[in-house]
Amino acid sequence: GRHAPEWLRVVEALFAIFFLGELSLRFMVERCLFFVGPEVKWNMFDSLLVFLSIADLAVDSSGRSNFLLGRMLRLTRFFRLARLSRVVRHFISLRL
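Student: How do you make sense of the overall build of the protein when you look at a structure like this?
Tutor: Within the protein, the regular secondary structure consists of 4 helices and 0 strands. Written out in order from the N terminus, the α and β elements of the protein read α-α-α-α. Across the 96 residues that make up the protein, the buried fraction comes to 23%. Intrachain contacts of the protein at a sequence separation of at least 6 include 54% that bridge at least 24 residues. Put simply, the protein shows about 7500 Å² of open surface, and 73% of that area lies on carbon and sulfur atoms.

Student: Could you clarify how one ought to interpret helix α3 (residues 40-62) in this entry?
Tutor: Note on helix geometry: an α-helix contains 3.6 residues per turn, so any two residues three or four positions apart are oriented the same way. With 23 residues, α3 should cover 33 Å at 1.5 Å per step; its first-to-last C-alpha distance of 33 Å lies within 8% of that length. Among all positions of α3, only Asn43, Asp46, Leu49, Val50, Leu52, Ser53, Asp56 and Val59 are buried.

Student: Explain the pattern of salt bridges to me, please; I cannot follow it from the model alone.
Tutor: Pairing between side chains becomes possible if they bear opposite charge and their charged atoms approach one another. Tallied over the full model, the rule gives 3 salt bridges. In this structure, the salt-bridge partner of arginine 26 is glutamate 22, at a minimum N-O distance of 3.0 Å. One end of the pair, arginine 26, and the other, glutamate 22, are both in helix α1 (residues 6-30), 4 residues apart, so they sit about a helical turn from each other. Of the residues examined, glutamate 22 reaches a relative accessible area of 23% and is grouped as partly exposed. Residue arginine 26 pairs with aspartate 46 through a salt bridge whose shortest N-O separation is 2.6 Å. Taken as a pair, arginine 26 in helix α1 and aspartate 46 in helix α3 lie far apart in primary sequence, 20 residues in all.

What counts as what
Residues numbered from 1 in each chain as written. Predicted model: local features only at pLDDT ≥ 70, side-chain atom pairs only at ≥ 80, totals over all residues. Heavy atoms only, no water. Helix = DSSP H or I, 4+ residues; strand = E, 2+ residues; numbered from the N terminus. Buried < 20%, exposed > 50% of the residue type's maximum accessible area, 1.4 Å probe, protein only. Contact = heavy atoms within 4.5 Å. Areas by Shrake-Rupley, 256 points an atom, 1.4 Å probe, with all protein chains shown as cover. Expected span 1.5 Å × (residues − 1). Salt bridge = Lys/Arg side-chain N within 4 Å of Asp/Glu carboxyl O.

Written as structure tokens, this is what we have:
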């Protein structure tokens, strides 16, 4: 099968670590509001994406080939782009 270049795997791992850290910080700050506050839908969406990103990295690094699982996990990359655009939008609004 086709494998992603090593540099792309490293970049994906760095993004997953960054978003896991960001999600962890939000959880520590919001505590219970993380699950019931006004941003609960975004928090659950972000949590799902971080979990799937880590699962995707685990499947890629295991060397096992599960075509369907790999395909489903890679579909989450599209949703990660949506999340990234949301994060960038917040950074831009903070600067103004």
